[in-house]
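Residues per chain are reported as follows:
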Amino acid sequence: MLSRIAESMFWIGRYVERADDQARVLTVNLELGTEADAVSFSTELCRAMGNPVDSGSGPREAWAVLGIDETSPYSMVTALSNCRGSARRAREILSMSTWEAINRSYRKATSGRLALVRPPLACREVRDSCSMIIGTLAATMPRDQAWHFLQLGRLIERMDMTARVLHSTVVAPPFPAHHHLLLQACGAQQSFVMARGREDTLSAAVDFILRDPMSPRSIYYCLTEALACLDSLVVDRQSRALEDEAIRQLGQLRARIQYATVEDSLDSLDQITLEIQQTGVRATEALTSNYFEATLSSQWHER
């Protein structure tokens, strides 16, 4: 496979996941409205996403910076625009329906439509667009190397975004936000209720987000699936698997999360969230070195 194609598919996955997760987090932030926690959450959310704002900034400022501002590198609109740019580089392997789904989402986001409707409805439109893109990709792509690079991008971005949500809702605020807020922001509330409905506590929610092996929103699940994708990409498994830096980074993080106790996870959550983000950066650098020509775009800025 051409390195250009591999890299483009990786970043398509990352940008689609980024826009989808941004929309979900912003929906939760907007639902807080004028509550006292809204200002604190908005400030910490912007800071966690790499864009520090004034301490008095609220949901409106967060919506502008992380939602509809085309000049902001952190916004949903920018993520969808970058997704289309990556898709253009891999145009020859994308189906017509996939290209149309990506292009339609891009034009809707950059036309100014999102600024004309209510923010919750705009977030819903972005999430629907991302679901359409991912659904079309899943229905039309063969499960070859390109598919594995796409999945790697989504999984690495999801665990990075989840770590940032954990930091902005649990670690950074003066008082941790309600655990249902955390679960909603991570898209895991319903699965948490079904799996651990009787453990309705913050510690149980954090443990679920970190270590549940069945939830696609958990860090452990993302790491396991990312390692499976990397294993499929390694041709000579016996000689290369132990030498692959991306496998080493993701495997070490998975082992730490898997065998940590609930108490240890809560006590060192600040360290864990930072390590998750750093591992994502190092794994991306290793993939770039092994498979890609060059980086198509920058990582999230460090907070």
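Residues numbered from 1 in each chain as written. Predicted model: local features only at pLDDT ≥ 70, side-chain atom pairs only at ≥ 80, totals over all residues. Heavy atoms only, no water.

*Asks:* Would you explain the pattern of salt bridges in this entry?
*Replies:* A pair can form between side chains of opposite charge whenever their charged atoms are brought close. Within the structure shown, the criterion is met by 16 salt bridges. Put simply, Arg 18 and Glu 157 hold a salt bridge, and the shortest N to O gap is 3.0 Å. Remark: Glu 157 occurs in helix H8 (residues 145-171) and Arg 18 occurs in helix H1 (residues 3-31); sequence separation between them is 139 residues. Using a relative accessible area of 0% as the deciding quantity, one classes Glu 157 as buried. Ionic pairing is found between Arg 164 and Asp 160, a salt bridge with its closest N-O pair at 2.7 Å. Linking Arg 164 with Asp 160, this pair stays in helix H8, spanning 4 residues, or about one helical turn. For Asp 160, a relative accessible area of 4% corresponds to the buried category. Shared partners join several salt bridges into a network, and the residues in it are Glu 17, Asp 20, Asp 21, Arg 24, Arg 154, Arg 158 and Arg 217. (Salt bridge = Lys/Arg side-chain N within 4 Å of Asp/Glu carboxyl O. Helix = DSSP H or I, 4+ residues; strand = E, 2+ residues; numbered from the N terminus. Buried < 20%, exposed > 50% of the residue type's maximum accessible area, 1.4 Å probe, protein only.)

*Asks:* What am I meant to see in helix H7 (residues 119-140) here?
*Replies:* One full turn of an α-helix is made of 3.6 residues, so residues set three or four places apart face in the same direction. With 22 residues, H7 should cover 32 Å at 1.5 Å per step; its first-to-last C-alpha distance of 32 Å lies within 8% of that length. Buried within H7 we find Ala 122, Cys 123, Glu 125, Val 126, Ser 129, Cys 130, Ile 133, Ile 134, Thr 136 and Leu 137. Take H7 and look down its axis: the buried residues cluster within an arc of 165°, on one side only. (Expected span 1.5 Å × (residues − 1). Arc of directions from axis to C-beta.)

*Asks:* Just checking my understanding: could you explain the nonpolar core for this structure?
*Replies:* Most often, soluble globular proteins have nonpolar side chains that are buried together. In terms of nonpolar packing, the biggest core is built from 92 residues, with Met 9, Ile 12, Leu 152, Leu 210, Ile 276 and Leu 287 touching the most fellow members. The element contributing the most residues to this core is H1, with 14 residues. In this structure Ile 12 touches Cys 83, Ser 86, Ala 87, Leu 94, Leu 137 and Leu 150, once residues within four positions along its chain are discounted. (Core = buried A, V, L, I, M, F, W, Y, C linked by side-chain atoms within 4.5 Å. Contact = heavy atoms within 4.5 Å.)

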